[in-house]
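# Topology and contacts: notes
So you can see what is in the structure, the chains are spelled out below.
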Amino acid sequence: MNKAKLSNLLRQLNLFYVADLIRFRIQKFKNQKFNAQFKKEYPNVALPPDYLMYESFQINYDKYYNGGRNMAKTLSEYFKKHIELKDKNILDWGCGPGRIVRHMPSLINNGCQFFATDYNANSIAWCSKNLPNIEFNKNELKAKLPYNDASMDVIYGISIFTHLSEPMHYKWFNELIRVLKPNGILLLTMHGDNFKVKLTDTELSDYNKGKLVVRGSIKEGHRTYAAFHPKAFVQNLFKPTTVLEHIELTSDTKSWVPQDIWIIRK
């Protein structure tokens, strides 16, 4: 049985959370040596609790911190191609335990203000206590953000639509556009064609027809709730805006499957 079929079976049997908890403990055990070394080298770096880190990424302190900084640098370079990063409001939608946004103030600065929101109350509580120079807010799964219309110049969401149902794609996209200023930039990552190898035959058939593929049967928004995005679906979702870039990355390793990057302008 391949991983995709096993995943769907565990969902049907209501065993996916149990399997995911076992995976968390295995990953924590495997990384304990590397994580201990990181804490020795970076004794002053604030780190979120392991499960918070796992929920949004993986339990690898170096990849969380230094990898998060590298990702923040990459995103800032994408932004600079399309908007001047001076005196701008920048929002991390679905920030988790701050892996990326914690680095933004030191990387960009230039009079910009930084905001971050997530539906996980524990993540927001930890970030608010430990990460300065960022305004953190809790949202709900419902598509409603605590910001005024046209209040953000740049919004980015890294692997957030990848955990939402089809109706919530449209509701959240409309909400993000509400908050974004005219000519503002929105960057989102999706499970694109690179993830076709992970689909069952039935899922692949739907995907190739341009249909969103969703693996649900668990709490929407959770890391184990998965959505896969054919180009036709994403292009239809983004119809009210202008697509500036669609970036399909490649990987030299089987352990990392890159998501598509979509950059649009309101």
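I will try to describe carefully the structure that is included in this document.

Definitions and limits used
Residues numbered from 1 in each chain as written. Predicted model: local features only at pLDDT ≥ 70, side-chain atom pairs only at ≥ 80, totals over all residues. Heavy atoms only, no water. Helix = DSSP H or I, 4+ residues; strand = E, 2+ residues; numbered from the N terminus. Pairing = 2+ DSSP bridges. Core = buried A, V, L, I, M, F, W, Y, C linked by side-chain atoms within 4.5 Å. Buried < 20%, exposed > 50% of the residue type's maximum accessible area, 1.4 Å probe, protein only. Contact = heavy atoms within 4.5 Å. Arc of directions from axis to C-beta. Polar contact = N/O pair within 3.5 Å; in protein donor to acceptor, adjacent residues only side chain to side chain. Axes fitted to C-alpha atoms, helices over the stretch in contact; angles between N-to-C directions. Phe/Tyr/Trp six-rings, centres within 6.5 Å; stacked < 30°, edge-to-face > 60°. Lys NZ or Arg CZ within 6 Å of the ring centre and 35° of its normal.

Moving on to unusual backbone geometry. Its identity as a non-glycine residue notwithstanding, Asp 87 has a phi of 55°, on the positive side. For Asp 87, the position within the fold is in the loop between helix H4 (61-80) and strand S1 (89-93).

Time to look at the pairing of strand S3 (residues 135-138). Direction of pairing for strand S2 (residues 113-118) relative to S3: parallel, over a ladder of 4 bridges. By the bridge assignment for S3, Phe 115 is matched with Glu 135.

This part covers the nonpolar core. By size, the foremost hydrophobic cluster in this structure holds 39 residues, and its most contacted members are Leu 75, Phe 79, Ile 90, Met 104, Phe 136, Tyr 156 and Leu 187. Listing elements by their share of this core, those giving two or more residues are helix H2 (16-41), helix H3 (50-56), H4, S2, helix H6 (121-130), strand S4 (152-157), strand S5 (180-190) and strand S9 (260-265). With 7 residues, the top contributor of residues to this core is H4. Discounting chain neighbours no more than four positions away, the residues touching Tyr 156 are Leu 75, Phe 79, Ile 90, Leu 91, Asp 92, Trp 93, Ile 100, Val 101, Met 104 and Leu 187. Of all hydrophobic cores here, the second largest spans 29 residues; its members include Trp 93, Met 168, Leu 188 and Leu 212.

Bringing H6 into the picture now. Buried within H6 we find Ser 123, Ile 124, Trp 126 and Cys 127. In an axial view of H6, the angular spread of the buried residues amounts to 165°, which keeps them on one side of the axis. Seen from the buried face of H6, the exposed residues on the opposite side, beyond 90 degrees, are Asn 122 and Lys 129. In this structure, the buried side of H6 is in contact with H3, H4, S2 and S3. One side-chain oxygen at the N-terminal end of H6 lies 2.9 Å from the backbone nitrogen of Asn 122; it belongs to Asn 120.

Let's shift gears to the side chain of Thr 241. Looking at where Thr 241 falls in the secondary structure, it is placed in the loop between helix H9 (231-237) and strand S8 (242-247). Here the side chain of Thr 241 touches Phe 238 through a polar contact of 2.8 Å, landing on its backbone oxygen. Excluding residues within four positions of it along the chain, Thr 241 makes contact with Phe 173, Ile 177, Ile 264, Arg 265 and Lys 266.

Turning our eyes to something else, we now look at the side chain of Ser 165. Among the secondary structure elements, Ser 165 is positioned in the loop between S4 and helix H7 (166-179). Excluding residues that lie within four positions of it along the chain, Ser 165 makes contacts with Leu 212, Glu 220 and Tyr 225.

A few words on the sheet that holds S4. If you walk across this open sheet you meet the 7 strands as S3-S2-S1-S4-S5-S9-S8, and the pairing is mixed. The open sheet has two edge strands with one neighbour each: S3 and S8. Each adjacent strand pair in this sheet contributes to an overall mean axis angle of 15°, direction not counted. Bridge count between S8 and S9: 5 bridges; the pairing is antiparallel. Following the sheet pairing, Glu 245 is matched in S9 by Ile 263. Relative to the sheet, H6 contacts S2 and S3, its axis offset from that of S3 by approximately 160°.

Here the focus is the packing of aromatic side chains. All told, the structure shown has 13 aromatic pairs when counted by the stated rule. Geometrically, the ring pair formed by Tyr 42 and Tyr 65 is tilted, given 6.0 Å between the ring centres and 55° between the ring planes. In this pair, Tyr 42 sits in the loop between H2 and H3 while Tyr 65 sits in helix H4, placing the two residues 23 residues apart along the sequence. On the accessibility criterion, Tyr 42 (29% relative accessible area) is partly exposed. Ring centres of Phe 115 and Tyr 147 lie 6.0 Å apart, and the angle between their planes is 75°; this geometry places the pair in the edge-to-face category. One end of the pair, Phe 115, is in strand S2; the other, Tyr 147, is in the loop between S3 and S4, and 32 residues separate them in sequence. Grouping residues by exposure puts Phe 115 and Tyr 147 together as buried. Grouping aromatic residues by their ring pairs yields a cluster made of Phe 38, Tyr 42, Tyr 61 and Tyr 65. Positioned above the aromatic ring of Phe 57 is the side chain of Arg 99, whose terminal nitrogen or guanidinium carbon lies 4.2 Å from the ring centre.

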